[in-house]
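Topology and contacts: notes
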Amino acid sequence: MTTARKQQPRDDDRVVVVGGGLGGLAAACTLAARGYAVTLCERNAWVGGKAAVLAEQGFRFDMGPTILTIPGVLKRIFAEAGRDLESAIDLVPLDPQWRSFFDDGSTLDLVADVAEMRQILDAYAPGSGSGAGYARFMQLAERLHRVSNDFFFWRSVGGMKDMFDPRRSMTLSMVREVMGMRPGHSVAGTVRSFVPDARAAQMLDHFTQYVGSAPDASPAVLCGIAHMQSHDGVWYPRGGTGAVPRALSSLAVDLGVDIRTRTGVGRIVADNGRVRGVETVRGEFIPAAAVVSNSDSVRTHRELVDGPARGRFLQRRKYEPACSGVVLYLGLDRRYEQLIHHNFVFSADAHEEFDSIYRAGEPAPDPTCYVCAPAVTEPEVAPPGGESLYVLVHTPYLRPHHDWSKMLAPYRRRIIEKLERTAGMKDLEKHIVFERALTPQDINDRYHVLDGAIYGLASHGRFLGAFKPANRSPDIEGLYLAGGSAHPGPGMPMVLMSGWIAADCVDQDKLVARTGGDRVPCAV
């Protein structure tokens, strides 16, 4: 990495990042590492967005994401500044990656090694062919992962045409690769064509829950997530996933990023189709030649953008929110030994569950519960012998008739009963000594997302469902998008990647002069 003599900056030789979620922090760090002056404005008192922390009465909970995969994305961001990720975050590998509890009383562990998982499935569902089918499914998942790396990741993509580098001539092999994404096929259909056991298929369906979408309505290319997780592992950052934004914000400060919390942005100022800066809700104008919005992409255009650009974005396609959820933070005075770090307590009828959430728009009568029990890995999250249980149940995004001030209590009771019955968590209610909750309304209000959606925009549509709004705005020069509602979508690694892509686009477009000298990005 080399640094040239510093230049005298103009007032607008600056990038403003709107929102300090993981995508905004990733963009800020990448830009600052490459020599740009960066101001990050965050409306809340903390940075990290949904990756916040709740700590009370000796219990500590990650409030948002709890599963970290593809650590190579974080490594790349730290490498931009010449730093090693390992020096900033202590990552603990988790294998089995998660445990599944089914209504018939059986349990099934997902392990990283494909050959071992094949043996587990042969023993779990003898005579069904699910073990051999899983091995073939993972071969497909590996191919889909490779296609995603070659054509989809690490670049601004808003549709099929953006997947191809115009500097490279189209070849028959490239077309074959893209067709290998199985356009027209769904995740659920693809999984069941390989794995006939209904319980194992239900477990594999839940890779799409990283993107908050129905597996029978999501494109088959998302099956590549299975290989990403198997190949790159599931990790726990010691100190919780809150350690990720802490490390990124520390890196940002080291690199000179001006982080302003409690500073909401009220308007992105543009003139003649080009960004000029932002205006805060207090009326301060911050000049900038580029703006990276880590706010929800739809709300960015509805609330922060004026003029024809707003209409062009909103009319480009139908923007459906991904699902929302109810989260229970339960401090227990005991542990349940059958739980590992990550657990899924599955519904008895996956079709009924997804039909309720994604088509009827109502909470599932028999929901699947994701349960994180981190004390098995880090006992310090709770008082001795206790547990800081994180329970997430997916729900529909907010509808006008949803009143969660009335809906939460009866639905909470249903969740507790589900955990006691299907996961064998006997007398759970009696062992809760601390409790907090988030409803879809809370998520909407706290994180300023679209209709309470946890995962940005839904990935529904068998042909185009994987595509989100591009990171480089086609409507306003100098506007870039990051976060779960921008390409490549939701989930910790994808959100971090979106921030890196947005920053890389700023660097490519050269609308902003580097004030820290010309820096060459570090190779990874």
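Our structure is the block above this text.
Residues numbered from 1 in each chain as written. Predicted model: local features only at pLDDT ≥ 70, side-chain atom pairs only at ≥ 80, totals over all residues. Heavy atoms only, no water.

**Observations regarding the overall build of the protein chain**
Heads up, the condition is: In this text, helices come from DSSP runs of H or I with a minimum length of four residues, and strands from runs of E with a minimum of two, each type numbered from the N-terminal end. In this setup the radius of gyration rests on C-alpha atoms only. A globule is expected at 2.2 Å times the number of residues raised to 0.38. Only protein chains enter the calculation, and the probe is 1.4 Å; a residue is then buried if its accessible area is under 20% of its type maximum, exposed if over 50%, and partly exposed in between. Residues are treated as being in contact if the distance between any of their heavy atoms lies within 4.5 Å. In this charge count, Lys and Arg are treated as positive and Asp and Glu as negative; neither His nor the chain ends contribute. A single reference atom marks each charge: NZ on Lys, CZ on Arg, CG on Asp, CD on Glu.
Helix and strand counts for the protein chain stand at 15 helices and 20 strands. Taking 524 residues into account, the globule formula puts the C-alpha radius of gyration at 24 Å, and the protein chain, at 23 Å, falls close to it. Over its C-alpha atoms, taken along the principal directions, the protein chain stretches across nearly 70 × 60 × 45 Å. Counting only residues that meet the buried cut, the protein chain has 61% of its 524 residues in that class. The contacts in the protein chain between residues at least 6 apart in sequence include a share of 72% that link residues at least 24 apart. Charge-centre separation for the protein chain: the mean point of 59 positive side chains lies 4 Å from the mean point of 61 negative side chains.

**A closer look at the sheet that holds strand β18 (residues 387-395)**
Rules: In short, DSSP must find at least two bridges between two strands for them to pair. Axes, fitted as lines to C-alpha atoms, cover a helix only where it is in contact. Angles between the N-to-C directions of the axes lie from 0 to 180 degrees.
Strand order in the open sheet formed by seven strands is β8-β7-β16-β17-β18-β15-β19, with mixed pairing between adjacent strands. The strands lining the two open edges of the sheet, one partner per strand, are β8 (107-110) and β19 (432-438). Looking at each pair of strands side by side, their axes are set apart by 20 degrees on average, direction ignored. Direction of pairing for strand β17 (residues 369-372) relative to β18: antiparallel, over a ladder of four bridges. Within the sheet, the bridge partner assigned to Y370 lies in β18 and is L392.

**Considering the pairing of strand β3 (residues 53-56)**
Taken together, the four bridges between β3 and strand β4 (residues 59-62) define a ladder with antiparallel strand orientation. By the bridge assignment, L54 is partnered in β4 with F61. As consecutive antiparallel partners, β3 and β4 are separated by two residues, and within that stretch Q57 has a phi angle of approximately 55 degrees, a positive value.

**With respect to the sheet that holds strand β2 (residues 38-41)**
If you trace the five strands from one edge of the open sheet to the other, you get β10-β2-β1-β14-β20, paired in parallel fashion. Across the chains shown, the open sheet's two edge strands, defined by having one partner strand only, are β10 (258-260) and β20 (479-481). Taking each pair of neighbouring strands and ignoring which way they run, the sheet shows an average axis angle of 20 degrees. Judged from the four bridges that link them, strand β1 (residues 15-18) and strand β14 (residues 290-293) form a sheet pairing that is parallel. Residue pairing in the sheet places V18 in a bridge with S293 of β14. Strands β1, β2 and β14 of the sheet are contacted by helix α1 (residues 22-33), whose axis makes an angle of about 170 degrees with β2.

**Digging into helix α13 (residues 404-422)**
Short version of the rule: Helix span is expected to be 1.5 Å times the residue number reduced by one.
Under the 1.5 Å per step criterion, the end-to-end length of α13 is 25 Å for 19 residues, consistent within 8% with the ideal 27 Å. Listed in full, the buried residues belonging to α13 are W404, Y411, R412, I415, I416, K418, L419 and T422. Among the residues trailing α13, G424 stands out with phi positive, at a value near 65 degrees.

**Some points on the packing of α1 against helix α15 (residues 492-509)**
Rule in force here: Any angle from 65 to 115 degrees is called roughly perpendicular, while one under 35 is roughly parallel, one over 145 is roughly antiparallel, and all others are oblique. Left-handed describes a crossing whose near helix is turned anticlockwise from the far helix by less than a right angle; the clockwise case is right-handed. Each residue gets one of three labels, nonpolar for Ala, Val, Leu, Ile, Met, Phe, Trp, Tyr, Cys and Pro, charged for Asp, Glu, Lys and Arg, and polar for the others, Gly among them.
Contact geometry for α1 and α15: axes closest at 7 Å, N-to-C directions at 40 degrees. As judged from the angle between their axes, α1 and α15 are oblique. The element α1 and its partner α15 pack so that their crossing is right-handed. Listed contacts from α15 to L22, G23, A26, A27, T30 and L31 of α1 are M492, V495, L496, S498, G499, W500, A503 and V506. Of the residues assigned to the contact of α1 with α15, the class counts are 10 nonpolar, four polar and no charged.

**With respect to the nonpolar core**
Cut-off, in case you're wondering: Buried Ala, Val, Leu, Ile, Met, Phe, Trp, Tyr and Cys residues form a nonpolar core when they are joined through side-chain atoms within 4.5 Å.
L248 and V292 are the most contacted members of the largest nonpolar core, which has 148 residues in total. At 11 residues, the largest contribution of residues to this core is made by α15. V18, C41, A288 and L304 belong to the second-largest nonpolar core, a separate cluster that totals 15 residues.

**Digging into α15**
In a regular helix each residue adds 1.5 Å, so 18 residues correspond to 26 Å; α15 covers 26 Å between its end C-alpha atoms and thus fits that length. A large share of α15 lies buried, amounting to 16 of its 18 residues. Looking one or two residues past α15, K510 carries a phi angle of roughly 55 degrees, positive in sign.

**Some words on the environment of F59**
Structurally, F59 is set in strand β4. As for F59 and T377, which are separated by 318 residues in sequence, their C-alpha atoms are 14 Å apart. Not counting chain neighbours up to four residues away, the residues in contact with F59 comprise L54, G331, L332, V381, A382, P383, E387, S388, V433 and F434.

**A short note on the packing of helix α2 (residues 72-80) against α15**
Contact geometry for α2 and α15: axes closest at 9 Å, N-to-C directions at 30 degrees. As the angle between them shows, α2 and α15 are arranged roughly parallel. Viewed along their axes, α2 and α15 form a crossing whose handedness is left-handed. For the pair formed by α2 and α15, the contact residues are V73, L74, R76, I77 and E80 on the first element and P493, L496, M497 and W500 on the second.

**Comments concerning the pattern of salt bridges**
The following threshold applies: Salt bridges are defined by distance alone: a side-chain nitrogen of Lys or Arg within 4 Å of a carboxyl oxygen of Asp or Glu.
Applying the stated criterion across every chain, the model contains 33 salt bridges. For R413, the salt bridge is made with E420, and the minimal N-O distance between the two is 3.6 Å. Ionic pairing is found between R472 and D509, a salt bridge with its closest N-O pair at 2.9 Å. Placement of the pair is R472 in the loop between α14 (440-447) and β20 and D509 in helix α15, with a sequence separation of 37 residues. R472 sits in the partly exposed class, given a relative accessible area of 29%. Judged by relative accessible area, which is 27%, D509 ranks as partly exposed. One network of salt bridges, with partners in common, ties together R412, R413, E417, E420, E429 and E435.

**Concerning the packing of aromatic side chains**
This is how it is decided: Ring pairs are drawn from Phe, Tyr and Trp, using the six-membered ring of Trp, whenever the two centres fall within 6.5 Å, and their geometry is named by plane angle: stacked under 30 degrees, edge-to-face over 60, tilted for the rest. In our convention, an over-ring charge means Lys NZ or Arg CZ found within 6 Å of a ring centre and within 35 degrees of that ring's normal.
Within this structure, the stated rule accounts for 17 aromatic pairs. Between Y370 and Y390, the ring centres sit 5.9 Å apart and the planes meet at 70 degrees, which makes this aromatic pair edge-to-face. One end of the pair, Y370, is in strand β17; the other, Y390, is in strand β18, with 20 residues separating them in the sequence. Exposure remark for Y370: the relative accessible area of 7% places this residue in the buried category. Three or more aromatic residues joined by ring pairs form one cluster here, namely F59, F61, W98, F102, Y124, F207, Y329, F344, F346, Y370, Y390 and F434. Over the ring of Y447 we find K50, and its NZ or CZ is 5.9 Å from the ring centre. Across the ring face of W154, the terminal group of R76 is positioned such that the distance to the ring centre comes to 4.1 Å.

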